[in-house]
Amino acid sequence: MTAEVASDPVAASPRERGWRWFLVALALLAAANTAPRWTPALALVGGVVRLLLPIEQVVVLTVVAVAACYVVGWWAGGRFTLALGWVGIAGWMLWQLPFPVAGYGAFVRGWSLSLGAAFGLVCLVSRSRPFLSRALTAVAVAAAVAFFGMALGSSAETSLTDGSRMVGREYQRRVSESVIRWQQRTASPSWETFAARMPSAAARAERLASVLGALGTPGSAEEGGSMRSWGPLAVLSPALLALESLLALALGWAAYHRLARVRIGPPLAPLREVRFNDQLVWGLVAGTTVFLLPTLAEWRALGANLTCFFGTLYALRGAGVLTWWMPNRVAVVAPIGLLVLAVVLGPIQVLSMVLLAMFILGLGDTWRDFRADAGVRRPGSLR
């Protein structure tokens, strides 16, 4: 009996340990989900968050992921009532979304269901694969289903144009709401007093407001409503949606293995151990090539999305390298130092520098395993 259990890679995998970072992630998730209702003083920050999340209701994506995990767990011997209950909760949340059943609302519901179903099927047929491999496969399958679903009944070109217009209108709505809430703030007497005392901070806030408008404002109607006529983040919405889906699947996976007794795979690796197949670098190479070559200008939006998606994955890998190297005492004070730099230099500049540094580290880790001899460089710092 013991040998039989030990031979099963799922049964032999260790348990998730600790709730601290998981609860922090859930708190950030809840905060991002309520970004449309943030106070007018945080309207600009909330507007950026709303543009970074193509599906604002990321909690719904996470609950659908948990439901998919419970269905897989029931198939592996778990309780049917728990799986049925979570499926019911996910269905109720999808039905209660504040969108009509057509247009953008249909896309949100369809993507959520496709992602959950794809992830469940991938988990059923690949019990020994790590989470990231399963999640990437599920996102690819969901993207294929969404593409063929949009192309069904009409030409692919027309469907993609309609889809880009739908996304552009949604982003324009979010930008307009955030700017209106910010204008309510700037029209108050307290803001006038603050601007008089700290004109540089007020000017920086106004520049951020103009940047927010540029990120989501559509182009001219003469451009045909194609994806290239919308703001930068609307163009990158497919890549942002894929990254958001990976995040939701990771939270759903972590939640399931902390609540359920039946395991369906290995636990999530800590950030310091994040790595993936080095062959994914070709996705980054292909995206950069398509984006930069003038002869492939018609495919530049695709190249930008590939570069954004795989570049973010490598930035995450670079964050793992950085946390592996960084002593624990430095890791505690590093966020405070970044906050101070953000006040001095501006949040956009600091965020850009940090992302660039993590991306370079992650990409370099593909050829040079920086963590191979990190234990020698950091004696006593490994836990």
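Residues numbered from 1 in each chain as written. Predicted model: local features only at pLDDT ≥ 70, side-chain atom pairs only at ≥ 80, totals over all residues. Heavy atoms only, no water.

1. Let's talk about the packing of helix α14 (residues 281-292) against helix α15 (residues 300-325)
Then comes step 1: At a closest axis distance of 7 Å, the pairing of α14 and α15 adopts a crossing angle of 145°. As α14 runs across α15, the sense of the crossing is left-handed. Residues V281, G283, L284, G287, T288, V290 and F291 of α14 form the contact with α15, whose participating residues are R300, G303, A304, L306, T307, F310, G311 and Y314.
Then comes step 2: Broken down by class, the residue content of the contact of α14 with α15 amounts to 8 nonpolar, 6 polar and 1 charged. (Axes fitted to C-alpha atoms, helices over the stretch in contact; angles between N-to-C directions. Helix = DSSP H or I, 4+ residues; strand = E, 2+ residues; numbered from the N terminus. Left-handed = near helix turned anticlockwise from the far one by under 90°. Contact = heavy atoms within 4.5 Å. Nonpolar A, V, L, I, M, F, W, Y, C, P; charged D, E, K, R; others polar.)

2. A look at the pattern of salt bridges
Then comes step 1: Counting across every chain of the model gives 10 salt bridges.
Then comes step 2: Here R173 makes a salt bridge to E56, at a shortest N to O gap of 3.7 Å. Linking R173 in helix α9 (residues 156-186) with E56 in the loop between α4 (43-52) and α5 (58-75), this pair joins segments that are 117 residues apart in sequence.
Then comes step 3: The class of R173 is partly exposed, set by a relative accessible area of 30%.
Then comes step 4: Relative accessible area serves as the criterion here: at 6%, E56 is assigned to the buried category.
Then comes step 5: Between R174 and E170 there is a salt bridge, with its nearest N and O atoms 2.9 Å apart. Of this pair, R174 and E170 both sit in helix α9, 4 residues apart, which is roughly one turn of the helix. Here R174 and E170 have matching classes, each one buried. (Salt bridge = Lys/Arg side-chain N within 4 Å of Asp/Glu carboxyl O. Buried < 20%, exposed > 50% of the residue type's maximum accessible area, 1.4 Å probe, protein only.)

3. Digging into the side chain of R109
Then comes step 1: With respect to the element layout, R109 can be found in helix α7 (residues 104-125).
Then comes step 2: The buried charged residue R109 lacks any salt bridge, with E170 as its nearest oppositely charged partner at 11 Å. (Lys, Arg positive; Asp, Glu negative; His and termini not counted.)

4. Side note on the side chain of E56
Then comes step 1: A distance of 2.4 Å separates the side chain of E56 from the side chain of R50, its partner in a polar contact.
Then comes step 2: When near neighbours in sequence (up to four residues on either side) are disregarded, E56 contacts N33, P36, R50, E170, R173 and R174. (Polar contact = N/O pair within 3.5 Å; in protein donor to acceptor, adjacent residues only side chain to side chain.)

5. Quick look at the confidence of the model for the protein
Any residue range with low pLDDT should be treated as having predicted coordinates unsuitable for detailed reading.
Then comes step 1: Considering every residue of the protein, the mean pLDDT works out to 80; 82% of them sit at 70 or more.
Then comes step 2: Averaged pLDDT values over the elements of the protein bottom out at 38 in helix α1 (residues 2-7) and peak at 94 in α5.
Then comes step 3: Note on residues 219-227: pLDDT under 50 across the span, and 14 contacts to partners over four residues away in sequence or across chains.
Then comes step 4: Predicted confidence is poor over residues 374-383, with pLDDT under 50, and the contacts of this stretch with residues over four places away or in other chains come to 20 contacts. (pLDDT = per-residue confidence, 0-100.)

6. A closer look at the packing of aromatic side chains
Then comes step 1: Applying the stated criterion across every chain, the model contains 13 aromatic pairs.
Then comes step 2: Relative to Y256, the ring of Y70 lies with its centre 4.8 Å away and its plane at 85°, an arrangement referred to as edge-to-face. Here Y256 lies in helix α13 (residues 237-259) and Y70 lies in helix α5, a separation of 186 residues in the sequence. Just as Y70 is buried, Y256 falls in that class too.
Then comes step 3: An aromatic cluster of at least three residues, connected via ring pairs, comprises Y70, W86 and Y256. (Phe/Tyr/Trp six-rings, centres within 6.5 Å; stacked < 30°, edge-to-face > 60°.)

7. Considering the environment of R37
Then comes step 1: Along the chain, the position of R37 falls in the loop between α3 (20-33) and α4.
Then comes step 2: A residue is classified by how much of its surface remains accessible, and R37, at 61% relative accessible area, is exposed.

8. Regarding a nonpolar patch on the surface
Then comes step 1: On the surface, V71, W74, W75, F80, L84, V87, L121, L124 and V125 cluster together to form a nonpolar patch covering roughly 920 Å² of accessible area.
Then comes step 2: Of all the secondary structure elements, the ones that give two or more residues to the nonpolar patch are α5, α6 (80-95) and α7.
Then comes step 3: When its relative accessible area of 71% is taken as the criterion, V125 is described as exposed. (Patch = residues over 30% accessible without salt bridge, like charges linked within 9 Å, V, L, I, M, F, W, Y side chains within 5 Å. Areas by Shrake-Rupley, 256 points an atom, 1.4 Å probe, with all protein chains shown as cover.)

9. Quick look at the environment of F309
Then comes step 1: Tracing the sequence through the fold places F309 in helix α15.
Then comes step 2: In this structure, the C-alpha to C-alpha distance between F309 and G287, residues 22 residues apart in sequence, is 9.2 Å.

10. Digging into α6
Then comes step 1: Between the first and last C-alpha of α6 there are 22 Å, a value that for 16 residues agrees with the 22 Å anticipated at 1.5 Å per step.
Then comes step 2: If you check which residues of α6 are buried, you get A83, A90, M93 and L94. Axial view of α6: buried residues confined to an arc of 105°, hence all on one face. Opposite its buried face, α6 presents the exposed residues T81, L84, W92 and W95, each directed more than 90 degrees away.
Then comes step 3: As for α6, its buried residues are in contact with α5 and α7. (Expected span 1.5 Å × (residues − 1). Arc of directions from axis to C-beta.)

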